Amino acid sequence: MFRHMISEAPSPNEYILHHLTFLTNRSPKGILDFSAINLDSVFFSVLLAVLFGGLFYAAARRVTTGVPSRFQNFVEWVVELVDAQVKDIFHGQSRLIAPLALTIFCWVFLFNALDVVPLDLLPGAAGAAGIGHLRIVPSTDLNIVFGLSLTVLLLIIFYSVAMKGVVGFFAEFALHPLRIKGRPLMQALVAPFNIVVEFASFLARPVSLALRLYGNMFAGEMVFILIALITLSSGFAGLASLGGWVGTVGALLLGILWSLFDLFIGFLQAFIFAILTVVYLSAASEHHD
Amino acid sequence: MESIAHIEAMTVLAVGIIFGMGAFGTAIGFGLLGGRFLEGMARQPELAPALLGRAFIFVALLDAVTFIGIGFALFFTFANPFVAAVQALQPAAH
């Protein structure tokens, strides 16, 4: 509902495409171009990381065993929530897992929480400052979500190799799910089938981890854009007529309701990302046979 | 131009099928999950909070492929690669 730099309202398609375009330093040449960076996603993800790290560090510095302050209470609640789940799922010994799960949960939740900010607020302000496009939710950027999930994949490989050795890691592809003990010839015959199935499930984990988060957040943002289209051509001038009032107030109500639902979905997806990370790392660091 | 209209018509049908089948599968999955959760809660009410937490985990897992499908469907709606391919083949008109 904010006015754009141009005096007449954009067409719906233009509006949608404007809100789906990232702020890049240069447009990418082909599918894989590492020199094209989505500056807005990087800026907001780093900002949220500094915010999360700074707040939790400050809480840890001032921790007391007496009656906790409200902020310390909140931080303790979050840490205990994640810690309870990690203790339930991860049966090995590692000092990395619980802080990793906490970081993933809080960081991804902060990404998703930015979806609640009104759609045109920050892009409109950026447009007034001369920046053409701005997308503020980092988890609607495929690069960010795949960065997270590929890091988790590297950790899975690292934990597998640390527990089973390099040979054991590769042997595991040939020995699961069909394992025929004591008959190496039969095992060698089923090994190709095992390798295909295991490799598919190995790759499916980071891909599904990333796309689950991306799909949920992108669909949420898309519904916000579609709600904003209701009052796109009228803006505040729609309040002059009764039909305009219905449209404007209706869009406002829909926006509020969807914001609440999207916040819940964002919390849930962040929690799932963290829990599944712990589950995959727990499976990777199990002692086998 | 005709082939672009044809591609767009097919794309709209495909997007509808993606949304519909995703919703269909998710609805059945949630229904089964909710029913089993209620049964479990009725048998052992003291486990209800833990069961609820686990139920939400499965909700998020069930939603995953549906939302991946929605992401692809929206991609086909607004940045259709097939239309772009046809437009690249056409000589620059007007």
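As shown above, the structure is provided for reference.
Residues numbered from 1 in each chain as written. Chains lettered and ligands numbered in written order. Predicted model: local features only at pLDDT ≥ 70, side-chain atom pairs only at ≥ 80, totals over all residues.

**Student:** Explain the overall build of chain A here, please?
**Tutor:** When helices and strands are tallied, chain A shows eight helices and zero strands. Along its sequence from the N terminus, chain A presents helices and strands in the succession α-α-α-α-α-α-α-α. Against the 2.2 N^0.38 benchmark of 19 Å for 289 residues, chain A shows a C-alpha radius of gyration of 24 Å, more extended than a compact globule. C-alpha extents for chain A along the principal axes are approximately 85 × 55 × 35 Å. In chain A, which comprises 289 residues, the proportion classed as buried is 26%. Of the contacts made within chain A by residues no fewer than 6 positions apart, 67% connect residues no fewer than 24 positions apart. (Helix = DSSP H or I, 4+ residues; strand = E, 2+ residues; numbered from the N terminus. Rg over C-alpha atoms; globule rule 2.2 N^0.38 Å. Buried ≥ 20, exposed ≤ 12 C-beta atoms within 10 Å, placed from the backbone. Contact = placed C-beta atoms within 7 Å.)

**Student:** What is the right way to look at the overall build of chain B in this model?
**Tutor:** Broken down by element type, chain B carries three helices and zero strands. In sequence order, chain B lays out its α and β elements as α-α-α. Its C-alpha atoms give chain B a radius of gyration of 21 Å, clearly above 12 Å, the size a compact globule of 94 residues would have. Seen through its C-alpha atoms, chain B measures out along the principal axes to roughly 70 × 15 × 15 Å. Buried residues in chain B amount to 12% of all 94 residues. Considering only contacts in chain B between residues 6 or more positions apart, those separated by 24 or more positions represent 81%.

**Student:** Any chance you could explain the nonpolar core here in plain terms?
**Tutor:** Most often, soluble globular proteins have nonpolar side chains that are buried together. Core analysis: the largest hydrophobic core is formed by 49 residues, its most contacted members being A:Ala101, A:Ile104, A:Phe105, A:Val108, A:Phe273 and A:Ala274. Looking at this core, the elements with two or more residues in it are α3 (70–89), α4 (97–113), α6 (142–175), α7 (184–228) and α8 (242–284) of chain A together with α2 (48–78) of chain B. Setting aside anything within four residues of it in sequence, one finds A:Val108 in contact with A:Ser139, A:Leu213, A:Ala270 and A:Phe273. (Core = buried A, V, L, I, M, F, W, Y, C linked by C-beta atoms within 7 Å.)

**Student:** In this structure, what is going on with unusual backbone geometry? I would like to understand it.
**Tutor:** With the exception of glycine, the majority of residues adopt a negative phi angle, and the majority of peptide bonds are in the trans configuration. Here the amide bond leading from A:His176 into A:Pro177 is cis, since omega sits at -5°, within 30 degrees of zero. As for its position among the elements, A:Pro177 is in the loop between α6 and α7.

**Student:** Explanation requested: helix α1 (residues 2–43) of chain B in the structure shown.
**Tutor:** At 3.6 residues per turn, the α-helix brings residues three or four places apart onto the same side. With 42 residues, α1(B) should cover 62 Å at 1.5 Å per step; its first-to-last C-alpha distance of 62 Å lies within 8% of that length. When you tally the buried positions in α1(B), you get zero out of 42 residues, a small fraction of the element. (Expected span 1.5 Å × (residues − 1).)

**Student:** How should I be thinking about the packing of α3(A) against α8(A) in this particular structure?
**Tutor:** Each packed pair of helices is defined by two parameters, the angle between the axes and the distance between the axes. All names here are of chain A. Relative to each other, α3 and α8 sit at 25°, their axes nearing to 10 Å. As far as their axial angle goes, α8 and α3 are roughly parallel. Every pair of crossing elements has a handedness; the one defined by α3 and α8 is right-handed. Contacts between α3 and α8 pair Val-82, Gln-85, Val-86 and Ile-89 from the former with Ala-274, Ile-275, Val-278, Val-279 and Ser-282 from the latter. Partitioned by chemical class, the residues of the contact of α3 with α8 number seven nonpolar, two polar and no charged. (Axes fitted to C-alpha atoms, helices over the stretch in contact; angles between N-to-C directions. Parallel < 35°, antiparallel > 145°, perpendicular 65-115°, else oblique. Left-handed = near helix turned anticlockwise from the far one by under 90°. Nonpolar A, V, L, I, M, F, W, Y, C, P; charged D, E, K, R; others polar.)

**Student:** Mind showing me how you'd approach the interface of chain A and chain B here?
**Tutor:** Interfaces are frequently sized by the accessible area removed from exposure as the parts join. Contacts between the two partners involve 16 residues from chain A and, on the opposite side, eleven residues from chain B. Secondary-structure elements contributing two or more residues to the side of chain A that touches chain B are α1 (12–19), α7 and α8 of chain A. Per-element accounting of the side of chain A that touches chain B gives the leading share, nine residues, to α7(A). When its residues are assigned to classes, the side of chain A that touches chain B shows eleven nonpolar, four polar and one charged.

**Student:** Explain the environment of A:Phe52 here, please?
**Tutor:** Residues and elements named next belong to chain A. Looking at where Phe-52 falls in the secondary structure, it is placed in helix α2 (residues 39–61). Residue Phe-52 is classed as partly exposed on the basis of its C-beta count, with 16 C-beta atoms lying within 10 Å. Along the primary structure Phe-52 and Asp-262 are separated by 210 residues, whereas in three dimensions their C-alpha atoms are 21 Å apart. Setting aside its immediate chain neighbours within four residues, Phe-52 contacts Cys-106, Trp-107 and Leu-110.

**Student:** Just checking my understanding: could you explain α4(A) for this structure?
**Tutor:** All names here are of chain A. Given a rise of 1.5 Å per residue, 17 residues ought to cover 24 Å, and the 24 Å separating the end C-alpha atoms of α4 matches this to within 8%. With twelve of its 17 residues buried, α4 lies for the most part within the structure. Within α4 the residues assigned to the buried category are Ile-97, Leu-100, Ala-101, Ile-104, Phe-105, Cys-106, Trp-107, Val-108, Phe-109, Leu-110, Phe-111 and Asn-112. Lining the buried residues of α4 we find α2, α3, α7 and α8.

**Student:** Just checking my understanding: could you explain the packing of α3(A) against α4(A) for this structure?
**Tutor:** Residues and elements named next belong to chain A. At their nearest, the axes of α3 and α4 sit 9 Å apart, and the two run at 125° to each other. Looking at the two axes, α3 sits oblique to α4. α4 is crossed by α3, and the crossing has right-handed handedness. Here α3 contributes Val-78, Val-79, Val-82, Asp-83 and Val-86 to the contact with α4, which in turn contributes Ile-97, Ala-98, Ala-101, Leu-102, Phe-105 and Cys-106. When its residues are assigned to classes, the contact of α3 with α4 shows ten nonpolar, no polar and one charged.

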